[in-house]
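So you can see what is in the structure, the chains are spelled out below.
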Amino acid sequence: MADIPAEVDVAIVGAGPAGLAAATELCRLRAGRVLVVEREAEAGGVPRFCGHSPYGMREFGRPMLGPGYARALVARAEAAGAQIATGVTVTALRDGPRLTVTSDAGTGEVAARLVLLTTGIRETTRAGRMIGGTKPGGVLTTGGLQGLVYGAGLRPFRRPVILGTELVAFSAILTCRHAGIRPAAMVEPGARITARHPAGLLPRLLGLPLHLGTDLAAIEGRERVEAVVLRSGGAERRLEADGVIVTGRFRPEATLSREGGLTYDPATGGPEVDEYGRTSDPAIFAAGNLLRPVETAGWCWGEGRAVAGAMAVALAGALPPPAVRRVARTGAIAWVVPQRIAGGCSPALDTLQMRAARAASGRLSLSVDGHEAAARALRALPERRMLLPLPAGTGSPEVRLEAAP
Amino acid sequence: MTSESAVPRGPFDVAIVGGGVVGCALARRFALAGASVVLMEKAVDILDGASKGNSAILHTGFDAPPGSLEAACIAEGYRDYDEIHARLGLPLIRSGALVVAWTDAQEAALPSLMEKARANGVSDVAPLTRAETLALEPHLAPTLRASFRVPREGLIDPWSAPLAYLTQAMAHGAEVLRGCAVTGGARAGDLWRLDTTLGEVSARLVINAAGLYGDLLDEALIGRRDFTIRPRKGQFVVYDKPAAALAGHILLPVPTAITKGIVVCRTAWGNLLVGPTAEEQEDRANAPLDHATLDALRAKGEEILPALAEHDVTAVYAGLRPATEEKDYRIAVHEAGSYVTVGGIRSTGLSAALGIASHVLRLAQEAGHGWQAPNEVAWPRMRNISIAAPRDHESAGNGGIVCHCEQVTRREIEAALSAPLPARSLSGLKRRTRVTMGRCQGFHCSGPLARMTAGAFDLPMAGNG
């Protein structure tokens with residue numbers, strides 16, 4: 001492990017938008033030696049494989065494609081003075097904090113004054129959704145598809161069914177188009193398309209049949225997918241297809257933090273943090289999509305940069321003590337980040353971010369010690385960002401989403 | 001050596017039909033006895049039938065019917081595995097098992113189950129009160145009544161073990177024919193001539209280890225069947241690695257007359273599994289998963305370990321056990337000692353395989369077969385992919401990790417593609433290395449893996465999920 005320092009000031013785990021933004025910012029703030037470890041052969045994170053979406057307005061002031069955006073983030077972090085070590089996997093998070101790392105050179109250890117976890121997210125797989133049927137080849141997540149298409153130049157199938165209508169499903173459609181794959185149908189268990197308008201126009205534009213209120217009940221085929229069974233309103237029907245793209249339902253890639261003993265929030269699937277991005281171990285911070293499923297690259301970039309600012313303050317010993325005030329949630333709120341409030345000034349996460357558990361028209365409110373501090377009416381949809389101001393003062397905050405009568 | 005082209009082969013001393021765990025153990029046992037062995041597997045790779053999906057436990061046989069052939073084979077199989085596993089580089093995680101009672105009736109059954117264990121030679125079982133059980137396994141639901149501990153039950157790697165048996169057989173000259181289905185055959189003089197999809201194969205002794213197809217093979221070769229296979233499906237859910245911290249022991253229910261019931265246990269790879277169901281079906285080839293059943297398994301797991309509700313399911317699978325109309329194994333010698341049926345090896349095949357192999361060798365010797373055992377025994381070592389020993393990625397020159405979830409290195413994948421019995425399908429590579437079997441199911445490694453395996457598989461990689 002010759003090229004990896006044994007001791008650094010800040011070790012960042014994961015070189016996606018959040019980690020690279022944090023590295024750049026920590027260097028700019030002269031936080032000392034900053035090391036970013038990335039398990040893949042190339043830094044840049046998920047945008048590397050998104051050859052289509054608009055990236056970079058907030059970060060670079062111009063629209064960019066994913067791969068170019070990823071390269072620009074890497075270049076900026078390196079120019080700022082951060083060391084990025086690729087092909088290095090962190091296998092354990094230990095007290096100190098110390099990271100057990102492994103690479104072609106074998107196993108080693110890095111000690112850091114502070115650690116930032118920016119390990120990102122993954123999609124829920126066919127297994128995680130417990131879809132029935134056989135287990136043939138040709139069932140992929142969007143990430144797996146993009147790895148095969150953009151990473152290996154393969155066309156894994158010709159007529160797949162796409163499951164899900166989150167934004168990433170439309171990324172899957174565009175990846176299919178790039179590879180000359182013509183999806184047979186798009187299937188969504190919910191009553192409407194999850195992604196924001198105008199993404200929903202895409203299936204119609206491409207003549208792709210869209211089945212709402214429909215479950216993918218089973219997959220058929222032994223070696224390769226031969227058909228899928230769709231279930232809608234109690235009726236089942238068979239649709240021929242040679243592949244399935246299982247999209248979305250992102251989950252934070254939280255195994256490292258969980259096995260490292262950090263307090264875990266089952267609601268987000270990631271570690272609990274306070275408004276400084278500080279986890280239950282005050283020397284370990286977290287940012288980006290590890291905190292919750294799922295936000296845009298630009299959002300993660302901003303979050304990484306903001307938490308880096310808090311870490312620089314922490315290195316100077318000037319962060320308020322770790323918090324015990326938890327943000328309570330009631331009604332149809334699936335999760336809230338940050339989960340805890342320390343109550344100091346200059347928070348890194350300066351809003352409470354939430355998602356609705358289900359579609360609801362109603363009233364979103366924040367109260368502190370029972371007194372309402374903020375409220376607004378809204379039409380909440382799952383997978384859409386809801387924000388409230390971070391509560392001031394020292395009382396006990398509670399967020400609430402009530403359906404209108 | 002492996003050579004898999006269509007030319008007449010033989011005569012061999014022993015032809016084994018079926019490359020499941022039992023066939024692999026038989027190949028090893030007969031090769032070590034000095035016989036020339038050929039093993040034929042109709043799938044493109046070994047372990048593609050009943051051995052594909054099981055609970056990966058090395059049982060002591062404490063709950064087998066005392067006096068049965070199954071009980072004897074499990075006991076001998078356990079002893080043999082314990083003796084040889086270290087030399088073959090195979091794991092044995094001595095987790096121990098708890099048989100947990102949740103109702104009055106189950107609690108009342110515990111003493112007789114312990115009696116049965118002692119009758120099976122498993123004398124170290126020990127009763128535990130509710131408090132003692134919870135002290136050992138604090139994540140168990142507190143509604144449990146009592147339990148007893150079976151200290152020697154353990155966790156093993158259900159795919160590396162048979163691969164090791166077969167690799168050792170190959171080191172002693174055994175041939176392996178994959179993609180080789182036996183379609184018929186007849187005995188002329190003292191020689192069997194088997195028709196296969198790879199041409200004629202001749203042998204003096206034929207052993208039917210065809211698992212889910214055992215009865216059909218008997219009918220094709222000896223014109224009769226003593227039993228009918230009734231495939232019994234078992235579905236499983238597998239949780240991500242952090243869930244493994246919830247249970248140290250294998251957690252067994254009080255068995256019923258039909259099934260051992262739903263087990264919760266860690267795996268040798270550091271996951272946690274819940275299963276299997278026991279569902280009779282006609283289909284011998286496919287074991288389809290069912291969403292509602294998997295949901296019910298998940299709920300059952302959470303009844304036993306409530307904290308499982310906060311953990312992610314990362315894999316689901318189903319296996320088929322080759323059950324018959326009777327409980328015990330169906331091992332019989334036919335055709336003047338030239339043919340042995342090894343059938344009805346249902347859920348305990350992994351634990352019993354080495355014992356079954358020794359039992360069948362004795363039957364063959366009693367029937368007059370005999371060979372000159374080699375002076376030296378080769379002990380090929382498997383690469384460790386379990387949590388029981390250091391992993392490849394911890395040593396230098398591993399090429400870096402390709403599959404992050406299961407921490408599989410480039411060197412491990414290359415080794416599996418160039419081993420004496422190389423992986424010839426993605427499923428085969430998964431069983432040898434665990435690649436893509438983790439929480440992301442190929443989200444991250446599909447691309448690099450497709451590039452690495454180009455040209456290596458019969459069916460090129462289109463990904464899996």
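Keep in mind that what you see is a predicted model, and the values were worked out from it rather than measured.

### Here we look at the overall build of chain B
The number of helices and strands found in chain B is 11 helices and 21 strands. Taken over the C-alpha trace, chain B has a radius of gyration of 22 Å; the compact-globule value for 465 residues is 23 Å, and the two agree within 12%. Looking at the 465 residues of chain B, the share that counts as buried comes to 63%. Expressed as a percentage of contacts within chain B between residues at least 6 apart in sequence, the contacts between residues at least 24 apart total 72%. Carbon and sulfur atoms provide 52% of the accessible area of chain B, an area that totals close to 15900 Å².

### A few points about the side chain of His369 of chain B
Residue and element names in this part refer to chain B. By the element assignment, His369 lies in the loop between helix H8 (349–366) and strand S20 (401–403). The class for His369 is buried, based on a relative accessible area of 18%. A distance of 2.8 Å separates a polar atom in the side chain of His369 from the backbone oxygen of Gly337. Every residue in contact with His369, bar those within four places of it in the chain, is listed here: Arg204, Leu205, Gly337, Ser338 and Ala364.

### Description of the environment of Val182 of chain B
Residues and elements named next belong to chain B. Looking at where Val182 falls in the secondary structure, it is placed in strand S9 (residues 182–188). A relative accessible area of 16% places Val182 in the buried class. Along the chain, Val182 and Val201 lie 19 residues apart, while their C-alpha atoms are 9.1 Å from each other. Beyond its immediate stretch of four places on either side in the chain, Val182 contacts Val17, Met40, Leu194, Asp195, Thr196, Leu217 and Leu221.

### Section: helix H10 (residues 426–433) of chain B
Residue and element names in this part refer to chain B. Most of H10 is tucked away: 7 of the 8 residues are buried. Restricting attention to buried positions, one finds in H10 the residues Leu426, Gly428, Leu429, Lys430, Arg431, Arg432 and Thr433. Those residues of H10 hidden inside the fold are in contact with helix H5 (160–171), strand S8 (175–178), strand S21 (408–409), helix H9 (410–418) and helix H11 (446–452). A positive phi of about 80 degrees marks Arg434, the residue just after H10.

### Details of the nonpolar core
Residues and elements named next belong to chain A. Ranked by size, the top nonpolar core spans 66 residues in total, and within it Ile12, Val115 and Leu117 carry the most contacts. If one sorts the elements of this core by residue count, helix H8 (residues 297–315) sits on top with 7 residues. When residues no more than four places from it in sequence are discounted, the contact partners of Ile12 are Gly19, Ala22, Ala23, Leu26, Val34, Leu35, Val36, Val37, Leu116 and Thr118.

### Considerations on the pattern of salt bridges
This structure, assessed with the given rule, holds 50 salt bridges over all chains. Here Arg383 of chain B makes a salt bridge to Asp392 of chain B, at a shortest N to O gap of 3.4 Å. With a relative accessible area of 41%, Arg383 of chain B lands in the partly exposed category. Three or more residues joined by partner-sharing salt bridges are found here, namely Arg39, Arg122, Arg251 and Glu253 of chain A together with Asp240, Asp312 and Arg439 of chain B.

### Looking at the packing of helix H2 (residues 69–84) of chain B against H8 of chain B
Residues and elements named next belong to chain B. Here H2 crosses H8 at 110 degrees, and the two axes come no closer than 6 Å. Looking at the two axes, H2 sits roughly perpendicular to H8. Mapping the contact onto sequence places Leu69, Cys73, Ile74, Glu76, Gly77, Tyr78, Asp80, Tyr81 and Ile84 in H2 and Ser351, Ala352, Leu354, Gly355, Ile356, Ser358, His359 and Arg362 in H8. Considered class by class, the residues forming the contact of H2 with H8 number 9 nonpolar, 5 polar and 3 charged.

### Here's the deal with the interface of chain A and chain B
One widely used convention gives an interface's size as the accessible area the parts lose upon coming together. Facing the 47 residues of chain A at the interface are 52 residues of chain B. In this assembly, chain A packs against chain B so that about 4000 Å² is buried in total across both faces, 54% of it on carbon and sulfur atoms. Counting the surface chain A buries against chain B, the share from its top three residues, Arg122, Met130 and Arg222 of chain A, is 17%. Inspection of the region where chain A meets chain B yields 4 salt bridges. Contributing elements (two or more residues each) for the side of chain A that touches chain B: strand S4 (89–94), strand S5 (98–103), strand S6 (106–117), strand S7 (121–123), strand S8 (132–133), strand S9 (139–141), helix H4 (142–152) and helix H7 (255–259) of chain A. Top element by residues in the side of chain A that touches chain B is H4 of chain A. It accounts for 6 residues. The class makeup of the residues in the side of chain A that touches chain B is 13 nonpolar, 19 polar and 15 charged.

### Considering the sheet that holds strand S11 (residues 185–188) of chain A
Residue and element names in this part refer to chain A. Spatially, S9-S16-S10-S11-S12 is the arrangement adopted by the 5 strands of the open sheet, whose pairing is parallel. Two strands bound the open sheet, and with one partner strand each, they are S9 and strand S12 (210–212). Across the sheet, the mean angle from the axis of one strand to that of its neighbour is 20 degrees, orientation sign disregarded. Inspection of the sheet shows S9 paired to strand S16 (residues 243–246) by 3 bridges, in the parallel sense. Pairing of Thr141 across the sheet is with Val246, part of S16. Packing of H4 onto the sheet brings it into contact with S9 and S16, and relative to S9 it is tilted by some 100 degrees.

### Details of the side chain of Thr142 of chain A
Residue and element names in this part refer to chain A. With respect to the secondary-structure elements, Thr142 resides in helix H4. In terms of polar contacts, Thr142 uses its side chain to reach the side chain of Glu123, at 2.7 Å. If we skip the residues at most four places from it in the chain, Thr142 touches Glu123, Val168, Ala172, Ile245, Val246 and Thr247.

### Points about the domain arrangement of chain A
All names here are of chain A. As far as domains go, chain A holds domain 1 (1–123 + 250–319), domain 2 (125–248) and domain 3 (322–405). The straight-line distance from the C-alpha centre of domain 2 to that of domain 3 is 34 Å. Contact with domain 2, which involves 5 residues of that partner, is made by 4 residues of domain 3. Approximately 400 Å² of surface area, both sides summed, lies buried where domain 2 meets domain 3, with 44% of it carried by carbon and sulfur atoms. If you sort the residues of domain 2 by the area they bury against domain 3, Arg192, Thr194 and Arg196 come out on top, with a joint share of 85%. The interface formed by domain 2 and domain 3 includes 0 salt bridges. Looking at the side of domain 2 that touches domain 3, its residues break down into 1 nonpolar, 1 polar and 3 charged.

### Looking at the domain arrangement of chain B
Residues and elements named next belong to chain B. Taken domain by domain, chain B holds domain 1 (9–53 + 159–229 + 326–366), domain 2 (93–152 + 231–321) and domain 3 (392–452). Across the boundary between the two partners, domain 2 contributes 6 residues, which contact 7 residues of domain 3. Roughly 500 Å² of surface becomes buried between domain 2 and domain 3 when both sides are summed, with 44% attributable to carbon and sulfur atoms. Interface area lost by domain 2 to domain 3 is led by Lys241, Trp269 and Thr314, which between them contribute 67%. Viewed at the interface, domain 3 and domain 2 are joined by 2 salt bridges. Note that Glu406 is salt-bridged to Lys241, the shortest N-O span being 3.1 Å. Here domain 2 and domain 3 share 2 residue pairs in polar contact (both at pLDDT 80 or more) between them. Grouping the constituent residues of the side of domain 2 that touches domain 3 by class yields 2 nonpolar, 2 polar and 2 charged.

Rules used in this analysis
- Residues numbered from 1 in each chain as written.
- Chains lettered and ligands numbered in written order.
- Predicted model: local features only at pLDDT ≥ 70, side-chain atom pairs only at ≥ 80, totals over all residues.
- Heavy atoms only, no water.
- Helix = DSSP H or I, 4+ residues; strand = E, 2+ residues; numbered from the N terminus.
- Rg over C-alpha atoms; globule rule 2.2 N^0.38 Å.
- Buried < 20%, exposed > 50% of the residue type's maximum accessible area, 1.4 Å probe, protein only.
- Contact = heavy atoms within 4.5 Å.
- Areas by Shrake-Rupley, 256 points an atom, 1.4 Å probe, with all protein chains shown as cover.
- Polar contact = N/O pair within 3.5 Å; in protein donor to acceptor, adjacent residues only side chain to side chain.
- Core = buried A, V, L, I, M, F, W, Y, C linked by side-chain atoms within 4.5 Å.
- Salt bridge = Lys/Arg side-chain N within 4 Å of Asp/Glu carboxyl O.
- Axes fitted to C-alpha atoms, helices over the stretch in contact; angles between N-to-C directions.
- Parallel < 35°, antiparallel > 145°, perpendicular 65-115°, else oblique.
- Nonpolar A, V, L, I, M, F, W, Y, C, P; charged D, E, K, R; others polar.
- Buried area = accessible area lost by both parts, 1.4 Å probe.
- Pairing = 2+ DSSP bridges.
- Domains from an automatic or database assignment.

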